[in-house]
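Residues per chain, in single letters:
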Amino acid sequence: MPDLRTPPRPLVPAARIPVRFTGSGAGVGELAWGQREIWLTMQRQRSWLPIGGWSRLAPGTTLADVADELRWMLRRYPTMRTRLRFAPDGRPLQSVADRGTVGLDVYDCPDGADPEAYVVALDARDRARPYDLVEEWPIRMAVVRHRGVPSHLSTVMPHLVTDGLGGRIFLAEVAARADADPDTGTPPLEQARWQAGPAGRRQNASAVRHWQRTIARIPAPSVATSGPHLRGEFRTTALPLAVHALSERADADSSQVLMTLLAQALPGDGPAVLRPMVSNRFRRGFGRVVAMVAQRGLCAADVAGLPFAEALQRVGAAAMAAYKYAYVDPDAVAAAFAAAGADPDAGLWCNDRRVATRQGFAGAVPDAGAVRAAPPGTFRWTVAQDDPFDPLSVDIDDGDGGALLLTVFTDAARLPAAGAEALVRRVESLAVQQVEELS
């Protein structure tokens, strides 16, 4: 009997609906700093860094409904009608259109096949296909019909469109169809104009001075990156319990607690160098913009051998400066690393992407017994590839069942697989140990 969950290959659209759109804010200009940083990341990782996903359509949804939603999105969000252009010297520019036509693809899932398996395969295929960032509109949207009825939707975009927080804003606004509120924040073309002006130049100069001071504390590069590049996942229920307890007892933000644990878990001597992802959404005009405004910060803190409370203070102070000065021209940062002869990939790159627990944990504060009773986390390697990820990096997400998911990326030439696994396990053990010491 055939596996009805396996979609047919190849996936060929039954139709393409032309969706015409208009929007304001057209023009051509330099990339804003957040766009420039993600563009450099895309170049380094040899990927257009797809974002998006698939979803089930509400019963009764028609193709016209989906086309109207796509048209609304393109009108409201300039980054969804922004394509790249290149200056004669090869410098990428952003080109925002005020009108155009995008295709909405329609796929028919065979009657006997599983439409969810079909849309999963379609979504994966659209993520794997090359993207022409000059000619293609930066959104691939496709509807899956099952027995003639629209059942699922796949939406895939390059990371140039928005960062993670912008993606959540986008999803909420699409669900609410927030036509009554025209405020969409400062779009990237306006950001780039401000950054090129006097206030932007002052911000950049101040930020560069911070980076130069911190870069001076980074050891010279000692290893050339060569791979293989590995991705692993560590699922832990003990760590969120311990972080909840530690953040409450220290009256500290849980992200600060996690950064301190990461700093203390790092191998080697000298200051712990952290590269946190900073949302930059505390800046004027960025709170609700659907755009790429997040950038990496840089901080260094001497925490070796210190009690946790003192390490927490040092990391907190260093992190505050990193957050303040993450809003910076990436080209100026690269020049600062080059001038110092320092490793531009130095340190642990970290991204706290939690939603449910970022602002606080639910329930009573766990005691040492509850933390101690939690089983050790489980680790598995998921990807090995030749193309690079970010350098040594840890993403932190809320997991199922109250767990935290730590996703670690490493170049095995920089930190071997065993060392990367030991790093995230040490974060958990340090947290549990600290709760026991404070009990």
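- In the nomenclature of an unreviewed UniProt entry, the protein chain is known as Condensation domain-containing protein of Dactylosporangium vinaceum.

1. Focus on the side chain of Ser 254
Right, on to step 1. For Ser 254, the location among the structural elements is in helix α8 (residues 254–265).
Right, on to step 2. On the basis of relative accessible area, Ser 254 is assigned to the buried category, the value being 6%.
Right, on to step 3. In terms of polar contacts, Ser 254 uses its side chain to reach the side chain of Arg 354, at 2.9 Å.
Right, on to step 4. Those residues in contact with Ser 254, other than ones at most four positions away along the chain, are Val 243, Ser 247, Arg 354, Thr 357, Arg 358 and Phe 361.

2. Thoughts on the sheet that holds strand β5 (residues 92–96)
Right, on to step 1. Strands sit in the order β2-β5-β4 across an open sheet of 3 strands; the sheet is antiparallel. Of all the strands in the sheet, just β2 (27–30) and β4 (82–86) have a single pairing partner and so form its edges. Neighbour-to-neighbour, the strand axes of this sheet turn through a mean angle of 30°, independent of strand direction.
Right, on to step 2. Inspection of the sheet shows β2 paired to β5 by 4 bridges, in the antiparallel sense. Bridge assignment links Glu 30 to a residue of β5, and that residue is Leu 93.

3. What about the packing of helix α2 (residues 63–76) against helix α4 (residues 164–176)?
Right, on to step 1. Direction vectors running N to C along α2 and α4 enclose 130°, while the axes themselves pass 11 Å from each other. In this view, α2 runs oblique relative to α4, as classed from their interaxial angle. Where α2 crosses over α4, the two elements pack in a sense that is right-handed. Along its contact with α2, which presents Glu 69, Trp 72, Met 73 and Arg 76, the element α4 presents Phe 170, Glu 173 and Val 174.
Right, on to step 2. Grouping the constituent residues of the contact of α2 with α4 by class yields 4 nonpolar, no polar and 3 charged.

4. Quick look at the environment of Leu 306
Right, on to step 1. Relative to the assigned elements, Leu 306 resides in the loop between β12 (299–301) and α9 (308–324).
Right, on to step 2. For the pair Leu 306 and Gln 264, spaced 42 residues apart in the sequence, the C-alpha separation amounts to 8.9 Å.

5. Re the packing of aromatic side chains
Right, on to step 1. The tally for this structure, following the rule as stated, stands at 11 aromatic pairs.
Right, on to step 2. Measuring from ring centre to ring centre gives 5.0 Å for Phe 21 and Trp 137, while their planes differ by 85°; the resulting arrangement is edge-to-face. Residue Phe 21 is located in strand β1 (residues 15–22), and its partner Trp 137 is located in the loop between α3 (115–128) and β7 (140–146); the two are separated by 116 residues in the primary sequence.
Right, on to step 3. Note on Phe 21: relative accessible area 3%, which makes it buried.
Right, on to step 4. The exposure class assigned to Trp 137 is buried, which follows from its relative accessible area of 12%.

6. Things to note about the pairing of β7
Right, on to step 1. Burial analysis of β7 places 6 of its 7 residues in the buried class, which makes it a mostly covered element.
Right, on to step 2. Strand direction decides the pairing type here: strand β6 (residues 99–109) and β7, joined by 6 bridges, are parallel. Considered in β7, the bridge of Tyr 107 is made with Val 144.
Right, on to step 3. Strand direction decides the pairing type here: β7 and strand β8 (residues 149–158), joined by 7 bridges, are antiparallel. Paired with Ala 142 across the strands is Ser 154, a residue of β8.

7. Considerations on helix α1 (residues 33–45)
Helical periodicity: at 3.6 residues per turn, an α-helix aligns residues three or four positions apart in one direction.
Right, on to step 1. If you check α1, its first and last C-alpha atoms are 18 Å apart, about what 13 residues at 1.5 Å a residue would give, namely 18 Å.
Right, on to step 2. Along α1, the residues classified as buried are Trp 33, Gly 34, Gln 35, Arg 36, Glu 37, Ile 38, Trp 39, Thr 41, Met 42 and Gln 45.
Right, on to step 3. For α1, the secondary structure elements touched by its buried residues are β4, β5, α5 (188–196), α6 (198–215), β11 (295–296) and α10 (330–340).
Right, on to step 4. Where α1 ends, the next residue or the one after it, Arg 46, has phi of about 55°, a positive value.

8. Here's the deal with the sheet that holds β6
Right, on to step 1. Pairing is mixed across the open sheet formed by 5 strands, whose spatial order is β1-β6-β7-β8-β3. Of all the strands in the sheet, the pair left with one neighbour each is β1 and β3 (50–56). If you compare each strand with its neighbour and ignore which way they point, the axes differ by 20° on average.
Right, on to step 2. As judged from the 8 bridges shared by β1 and β6, these two strands associate in the antiparallel manner. By the bridge assignment for β6, Val 19 is matched with Val 102.
Right, on to step 3. Along the sheet face, α3 touches β3, β6, β7 and β8 and points at about 20° away from the line of β8.

Cut-offs used in this document
- Residues numbered from 1 in each chain as written.
- Predicted model: local features only at pLDDT ≥ 70, side-chain atom pairs only at ≥ 80, totals over all residues.
- Heavy atoms only, no water.
- Helix = DSSP H or I, 4+ residues; strand = E, 2+ residues; numbered from the N terminus.
- Buried < 20%, exposed > 50% of the residue type's maximum accessible area, 1.4 Å probe, protein only.
- Polar contact = N/O pair within 3.5 Å; in protein donor to acceptor, adjacent residues only side chain to side chain.
- Contact = heavy atoms within 4.5 Å.
- Pairing = 2+ DSSP bridges.
- Axes fitted to C-alpha atoms, helices over the stretch in contact; angles between N-to-C directions.
- Parallel < 35°, antiparallel > 145°, perpendicular 65-115°, else oblique.
- Left-handed = near helix turned anticlockwise from the far one by under 90°.
- Nonpolar A, V, L, I, M, F, W, Y, C, P; charged D, E, K, R; others polar.
- Phe/Tyr/Trp six-rings, centres within 6.5 Å; stacked < 30°, edge-to-face > 60°.
- Expected span 1.5 Å × (residues − 1).

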